[in-house]
Amino acid sequence: MKKQTISDNLLYQRKLKGYTQDDLSEKTTVGVRTIQRIEKGEVQPHLQTVKLLAAGLEVEVEDLLVLDNPNEEVIKRKWMLLFHGSPFFGLIIPFGNVLFPLFLWINKAEDNKIYDQHGRAVINFHCTLNLLLIISLLLFFPFPGINFFGTGAVFLFGLVFSIKNLMSALGSHTCYYLFLF
């Protein structure tokens with residue numbers, strides 16, 4: 001689904017009214033070259049220009065302006081919270097740190113490129129973390145004293161990185177995980 005732009009809206013409204021660029025220029029005192037540049041998407045017009053064009057086309061300013069949906073940002077934050085927070089279920093359910101983000105990623109990867117990127121990063125990191133934990137637990141039996149600290153270090157490392165990336169994803173929609181395969 002292509003996102004509407006002011007150039008698309010202006011072109012649509014102008015053609016809907018049956019105006020040429022010259023006709024619209026005469027009705028609005030906006031130069032023909034400016035109208036051409038707006039319709040090509042080369043410039044973002046000032047609000048005053050948009051108001052003049054809307055008046056000339058006899059439409060509302062909102063019909064030309066592209067207003068971002070403020071609810072979309074809230075929804076994106078919620079999904080970032082789920083992607084980066086769901087691995088904490090792994091503290092309760094074995095392999096939940098991979099399974100829950102995997103189910104989310106399967107369902108949301110096609111909805112938004114950001115969900116796909118974050119889902120992959122979370123899943124890769126926690127798969128790597130599980131692999132390291134399994135290796136450290138297997139090494140626990142031959143070397144119980146030394147490997148106790150290794151297992152704890154891997155666990156603590158995963159916990160700290162998960163919290164750091166959860167906060168980063170909620171704030172700036174970025175994440176940085178180590179050990180990505």
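Rules and cut-offs
- Residues numbered from 1 in each chain as written.
- Predicted model: local features only at pLDDT ≥ 70, side-chain atom pairs only at ≥ 80, totals over all residues.
- Heavy atoms only, no water.
- Phe/Tyr/Trp six-rings, centres within 6.5 Å; stacked < 30°, edge-to-face > 60°.
- Helix = DSSP H or I, 4+ residues; strand = E, 2+ residues; numbered from the N terminus.
- Buried < 20%, exposed > 50% of the residue type's maximum accessible area, 1.4 Å probe, protein only.
- Axes fitted to C-alpha atoms, helices over the stretch in contact; angles between N-to-C directions.
- Parallel < 35°, antiparallel > 145°, perpendicular 65-115°, else oblique.
- Contact = heavy atoms within 4.5 Å.
- Nonpolar A, V, L, I, M, F, W, Y, C, P; charged D, E, K, R; others polar.

Caption draft 1: Geometry of the packing of aromatic side chains. Taken as a whole and judged by the stated rule, the model has six aromatic pairs. With a centroid separation of 6.1 Å and 50° between ring planes, the pair formed by Phe125 and Phe157 is classed as tilted. Taken together, the residues Phe125 in helix H8 (residues 113-138) and Phe157 in helix H9 (residues 144-172) connect sequence positions 32 residues apart. Since its relative accessible area comes to 25%, Phe157 is described here as partly exposed. On the basis of an interplanar angle of 45° and a centroid distance of 4.8 Å, the ring pair of Phe157 and Phe161 is categorised as tilted. Of this pair, Phe157 and Phe161 are both found in helix H9, four residues apart, which corresponds to roughly one turn of the helix. What links up through ring pairs into an aromatic cluster is the set Trp79, Phe83 and Tyr115.

Caption draft 2: Here's a closer look at the environment of His118. Following the sequence through the fold, His118 ends up in helix H8. For the pair His118 and Thr174, spaced 56 residues apart in sequence, the C-alpha to C-alpha distance is 8.0 Å.

Caption draft 3: Quick look at the packing of helix H2 (residues 21-28) against helix H4 (residues 47-57). Relative to each other, H2 and H4 sit at 105°, their axes nearing to 9 Å. If you check the angle between H2 and H4, you find them roughly perpendicular. Judged by residue contacts, Leu24, Lys27 and Thr28 of H2 engage Leu52, Leu53, Gly56 and Leu57 from H4. Across the contact of H2 with H4, the residue classes tally to four nonpolar, two polar and one charged.

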